[in-house]
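# Coordinate inspection notes
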Number of protein chains: 2
Amino acid sequence: MTDVLSRRDIDFLLYEWLDVVSLTTRKRFAEHSKDTFDAVLDLSADIAHKHFATHNKKADANEPTMRPDGTVEMIPEVQQALDIFSAAGLTAGQFDETVGGMQLPTTVARAAMAWFQAANAGTAAYPFLTAANANLIATYGTAQQIDDYVRPMLEGRWFGTMCLSEPQAGSSLADITARALPQDGSYRLTGTKMWISGGDHELSENIVHLVLAKTPGGGTGVKGISLFIVPKFLPGSGGVLGERNDVTLVGLNHKMGNRGTTNTLLSFGDGTHSPHGQAGAIGFLVGEEHRGLSYMFHMMNEARIGVGFVATALGYAGYLQSLEYAKVRTQGRPVGAKDPSAPPVPIIDHADVRRMLMAQKSYVEGALALGLYCSRLVDEQNTAFDESAGADAGLLLDVLTPIAKSWPSQWCLEANSLAIQVHGGYGYTRDYDVEQFYRDNRLNPIHEGTHGIQGLDLLGRKVAMHDGAGVTLLGSKIAETIGRARRIGSDAARYADELEGVWDRMVEVTSALLSAQDVAAALANSSVYLEAFGHTVIAWIWLEQLTSVDGKTGDFYDGKRAATHYFYTYELSKVGPQLELLGRMDRTLVDLNPAVF
Amino acid sequence: MTDVLSRRDIDFLLYEWLDVVSLTTRKRFAEHSKDTFDAVLDLSADIAHKHFATHNKKADANEPTMRPDGTVEMIPEVQQALDIFSAAGLTAGQFDETVGGMQLPTTVARAAMAWFQAANAGTAAYPFLTAANANLIATYGTAQQIDDYVRPMLEGRWFGTMCLSEPQAGSSLADITARALPQDGSYRLTGTKMWISGGDHELSENIVHLVLAKTPGGGTGVKGISLFIVPKFLPGSGGVLGERNDVTLVGLNHKMGNRGTTNTLLSFGDGTHSPHGQAGAIGFLVGEEHRGLSYMFHMMNEARIGVGFVATALGYAGYLQSLEYAKVRTQGRPVGAKDPSAPPVPIIDHADVRRMLMAQKSYVEGALALGLYCSRLVDEQNTAFDESAGADAGLLLDVLTPIAKSWPSQWCLEANSLAIQVHGGYGYTRDYDVEQFYRDNRLNPIHEGTHGIQGLDLLGRKVAMHDGAGVTLLGSKIAETIGRARRIGSDAARYADELEGVWDRMVEVTSALLSAQDVAAALANSSVYLEAFGHTVIAWIWLEQLTSVDGKTGDFYDGKRAATHYFYTYELSKVGPQLELLGRMDRTLVDLNPAVF
């Protein structure tokens, strides 16, 4: 079996570029060393290949179904894989030792998790959602809530979800109608939640839902939203499960891809169950009333980077499979070879196949580097010696988060399309894996905020906040990289010049958009802005990698050089016309009469 | 149900732009009128909506399977739909009356066929392949072959296939190993053919395979290839079927999409059957020995334009569904609306949704216009009063064919992705149709020659032939359009200037590539050339449409203006960086050491 990720690349990114070993000088990570990091990575790759990749196709072909009794049927390999994952303690990778975690740097924990996402995105989603849920309760919950919920989740006995959307309100959380009324120190919830991944199943003893609902007195819109823990089974005394809560699986969504994860419509408080003798789902408030959305954003920011990782992992797995295929499949002859009796060559010898492979390499390695860079910022934010360094890391992370979510979702999906194309007709069949990667990956530009939402977040919020401090800080980081690049040789200096030109223009256009009186026109093309910004960021990330391989020899480092060359030659040039369009602040789409469609 | 195509747009393209009614002055079409054209279009839309669209999803969810006895099981709706299609005489739309056809212009016949392709690409493939097969035999076959095979195919009683690829030779026909040995006036064939659509089923009384195989004495490579008619059942006397021929279904391919069409691995001459008491598939030579590939190219060129139509039709159907969804789905509020208690607006009010709809509109209407323009060239080639006009049409068609195949395959697939995105999470589920369109459409950049093959055909053959006469002719057509556009107003004049600039640069780059000593470097980015050329052609096609709506008022015409504006503002600008890249003739990919991947 082809590896689902490149360990060599991960080692380069973690140890040669991001220097994660230096994190062991921080108190939080003092018990760790390169050896413990390697052990987690080795273990993750091993379990991912042996227990996750092995049922990826089967899970896709046999999606979960709902039995007449309301339980969920799925292939047994999912449970087996998750049991092994939980037993290895991997859910708790980056959590505090005090709650049973390994206290790993986020950077290492994310790299470890990526193996599972590349091997089987569907099965990997359960612990991924559980860790995000547990992290939120660990941050905002009471000591009792942490004991009651975080511990069993980190032990892998309970799983977690996040319940935001409703059928009538996908991205528009202001319009949710789920309600929570206080009663006896807890709350009773009623309402319907849509698109809840891992929303029901029998894989774990219990399921901990984190639910957004409106409480009285909070006003209209997002202000009235509070956050609740709503367990499927109420916690009993002494660790045994208590009563069944009033949360009911209404139906499973049947998707194009990502079929291994149950995706559900859940009803809260419809009276199917009657905890404490009364209909209504019992919920426990997290933090304060009416601050639910701000807590949830903590989790959503983490989840957005997580979605970027899933997209990257799927792109990476497809790249490696198409690379392997291109080396062994023979067809055709080189341009100019006239002798039809000469044997056909491996298709990797054809320039167009090389282009498709190099594009994939530049997308998936660029995306992985960005994801790990953002994870390193999380570590910096949490553990920097110096408070201002931590704050800077947080600011940079804020600006980069919509890119870390959207760019891999767009370009690693494109990588999957190229992986199919390299395989030709075979890649379009279910005999190969790449068509599934392509279907699975198509979800990622949608969930955790669509492409359009990420664009509005970036242009309407992130680049504007603190008088543009985030963009200024990113600019200074880019300038540092450009400075280093100029010292290492003519190719790097040329890329540096190009990046500088694009970045200067990006800053100009950003200023013009932010100072425009006509806000609707300024924001009309925020998706284009998102794409232009994303390609520029990835060009910077490639220049960063290039400066890290300076003076090093061998195929691996030459590959980084070649991919940087590719990105600057074939990709960065796409940004110019986008910035020109943005600068024009064309009102056509805003003013359009919809009847003309 | 939402319509699968826009009849208003088809009427505009056929009657207001391409003036197909003027074709009725040609002898071949003298029996026709706008009324007969309308009748065929009405009938097609009606049958497509009532009998094809209705089982599109069911056919996708229940793909054909092979029974133990080697026959093929599929849902009964396919047979029912095809019986109605055949009874209406639609297979024979553009064929001569002498063989039972309607003698319709190709332009009208293609427009009629597009309804079926939009409604159900899987089921529509059977008559589409049959017509292509019949057209080849009608062109190169003997009178007897036409009687024996073309007539029953046009009556819809027999279906046809084309058998080119083999498992070890997809695009590289020089490497096929199927062999044909002469015996008793016919031939005996042996070999294996892969990816044969409609290769076996029980939908028709008989299946007529057109098979490429090598005959002795033709030399190596493509020169040895001859073309054979190999029927599943040999024709008997008096119209009854004769013996079963030695063609055996080995297996069905299971694809990501396009599941409604059986796609097969066929074995010829393996002795499963023994026609005339002897193993070996009996085949009848078409035309002369060793000229098989040139005959097949006739069919392949037609099929390439046909693939472009399927891609367009799928894109169009998705566009119309997402447009309808965007009008009825409410969510969120306009940028700047501060009152969260105001009701949510239809999502078509959001600029980013409008961008996604307008992009789709510009892709699918642009692609349909190009497809019909090419079909009009076929009619001109076949029926022009003036021989040189016919030759010109043929030359232009040669240059445009790779674009007519590749551009819709790339951009109408992108349209399908945008249709999913407009639907949000719902679009990713199988409750809506758009995810199927996206899966179905992903085949089109692969079959009938991949994107890479089309690029080599365009740059390595079409633009070079006859000293660049094709490009020169296209340039003169573009110049005419530019001249007309400049006379109709300032917007049109601006587009004209932009198109002129891009085209001039395209010609410069083309000359540089064609005169380069380093052929490998010149051809290394032929896929990029294909994309740049394609976007430029579509920009021209939009300017053509714009000049056709001059002076006309109303929403429909305003929509054409808006889509032209979109294409020139958001799309044409992508070409500049591509031409710059091409002009550089970068050897990186050619020289690359594959070990660096």
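Below: a short report on this structure. (Residues numbered from 1 in each chain as written. Chains lettered and ligands numbered in written order. Predicted model: local features only at pLDDT ≥ 70, side-chain atom pairs only at ≥ 80, totals over all residues. Heavy atoms only, no water.)

### A look at helix α8 (residues 292-328) of chain A
As a reminder of what qualifies: Strands are runs of DSSP state E lasting at least two residues, helices are runs of H or I lasting at least four, and both sets are numbered from the N terminus onward. One less than the residue count of a helix, multiplied by 1.5 Å, gives the span that helix is expected to have. For every residue, the accessible area obtained with a 1.4 Å probe (protein chains only) is divided by the maximum for its type, and the residue is called buried under 20%, exposed over 50%, and partly exposed between those limits.
Helix length check: α8(A), at 37 residues, gives a terminal C-alpha distance of 54 Å against a target of 54 Å (1.5 Å per residue), a fit within 8%. Summarising burial for α8(A): 30 of the 37 residues are buried, a large majority.

### Observations regarding the packing of helix α10 (residues 387-423) of chain B against helix α12 (residues 451-462) of chain B
Residue and element names in this part refer to chain B. Note the cut-off: Note on geometry: axes are lines fitted to C-alpha atoms, helical ones only across the stretch in contact, with angles between N-to-C directions running from 0 to 180 degrees. Each angle receives one of four descriptions, namely roughly parallel if under 35 degrees, roughly antiparallel if over 145, roughly perpendicular if within 65 to 115, and oblique otherwise. Should the near helix be turned anticlockwise from the far one by less than a right angle, the crossing is termed left-handed; should it be turned clockwise, right-handed. Contact criterion: two residues are considered in contact whenever any of their non-hydrogen atoms come within 4.5 Å of each other. Side-chain classes follow a simple rule in which Ala, Val, Leu, Ile, Met, Phe, Trp, Tyr, Cys and Pro form the nonpolar group, Asp, Glu, Lys and Arg form the charged group, and the remainder, Gly included, forms the polar group.
Closest axis-to-axis distance for the α10/α12 pair is 9 Å, and the angle between their directions is 155°. Taken together, α10 and α12 sit at an angle that is classed as roughly antiparallel. Seen along the crossing, α10 lies across α12 with a hand that is left-handed. Counting all contacts with α10, which are made through Asp398, Val399, Pro402, Ile403, Lys405, Ser406 and Gln410, the residues of α12 involved are His451, Gln454, Asp457, Leu458 and Lys462. Per-class residue counts for the contact of α10 with α12 are four nonpolar, four polar and four charged.

### Observations regarding the side chain of A:Ser226
Residues and elements named next belong to chain A. Let me state the cut-off plainly: Two N or O atoms count as a polar contact when they lie within 3.5 Å, although within protein this holds only if one can serve as hydrogen donor and the other as acceptor, and sequence-adjacent residues are included solely when both atoms are side-chain atoms.
Within the secondary structure, serine 226 sits in strand β7 (residues 225-231). A polar atom in the side chain of serine 226 sits 2.7 Å from the backbone nitrogen of histidine 290. In this view, serine 226 contacts Val211, Leu212, Ala213, Thr215, Leu285, Glu289, His290 and Gly292; residues no more than four positions away in its chain are not counted.

### Examining the environment of A:Arg26
All names here are of chain A. Along the chain, arginine 26 turns up in the loop between α1 (7-17) and α2 (34-52). Taking the C-alpha atoms as reference points, arginine 26 and aspartate 379, separated by 353 residues in sequence, lie 10.0 Å from one another. Apart from residues no more than four positions distant in its own chain, arginine 26 is found in contact with Asp379, Glu380, Thr383, Ala384 and Phe385. A polar contact of 3.3 Å, which involves the side chain of arginine 26, links it to the side chain of glutamate 380.

### Thoughts on the interface of chain B and chain A
A common way to state how big an interface is: give the accessible area lost once the parts meet. Basically, it comes down to this: Summed over both partners, the accessible area lost on bringing two parts together, with a 1.4 Å probe, is the buried area. In what follows, salt bridge is the name for a side-chain nitrogen of Lys or Arg lying within 4 Å of a carboxyl oxygen of Asp or Glu.
The partner chain A presents 87 residues to the 87 residues of chain B that form the contact. The junction of chain B with chain A conceals about 7500 Å² of combined surface from both sides, 59% of it contributed by carbon and sulfur atoms. Counting the surface chain B buries against chain A, the share from its top three residues, B:Tyr428, B:Arg430 and B:Phe597, is 12%. Applying the counting criterion to the chain B and chain A interface returns four salt bridges. For A:Arg333, the salt bridge goes to B:Asp175, with nearest N and O atoms at 2.6 Å. Its residues assigned to classes, the side of chain B that touches chain A comprises 38 nonpolar, 29 polar and 20 charged.

### Concerning the packing of aromatic side chains
The test is simple: Between 30 and 60 degrees the pair is tilted, below 30 it is stacked and above 60 it is edge-to-face, where a pair is any two Phe, Tyr or Trp rings, Trp via its six-membered ring, whose centres lie within 6.5 Å. Charge over a ring is defined by NZ of Lys or CZ of Arg lying within 6 Å of the ring centre and within 35 degrees of the ring normal.
For the structure on display, the rule yields 49 aromatic pairs over all chains. Through successive ring pairs, a cluster of aromatic residues spans A:Trp195, B:Tyr325, B:Tyr426 and B:Tyr432. The aromatic ring of A:Phe556 is capped on one face by A:Arg8, whose charged end is 4.2 Å from the ring centroid. The aromatic ring of B:Tyr15 is capped on one face by B:Lys34, whose charged end is 4.4 Å from the ring centroid.

### Here we look at the pattern of salt bridges
This model, assessed by the stated rule, comprises 84 salt bridges over all chains. Note that B:Asp96 and B:Arg28 form a salt bridge whose closest N and O atoms lie 2.7 Å from each other. Here B:Arg28 lies in the loop between α1 (7-17) and α2 (34-52) and B:Asp96 lies in the loop between α4 (76-87) and α5 (106-119), a separation of 68 residues in the sequence. Classification of B:Asp96 by relative accessible area gives partly exposed; the value is 32%. One salt-bridge network, in which partners are shared between bridges, spans A:Arg7, A:Asp11, A:Lys34, A:Asp38 and A:Asp42.

### Let's talk about a nonpolar patch on the surface
For clarity, the cut-off: Here a patch means residues that are over 30% exposed by relative accessible area and free of salt bridges, tied together within 9 Å if like-charged and within 5 Å if nonpolar (Val, Leu, Ile, Met, Phe, Trp, Tyr). The accessible surface values rely on the Shrake-Rupley method and a 1.4 Å probe; as for residues, cover is taken only from the protein chains in view.
A contiguous nonpolar surface patch, about 230 Å² in accessible area, is contributed by A:Val335, B:Leu456 and B:Val519. Take B:Val519: it is sitting in helix α15 (residues 519-524). With a relative accessible area of 43%, B:Val519 lands in the partly exposed category.

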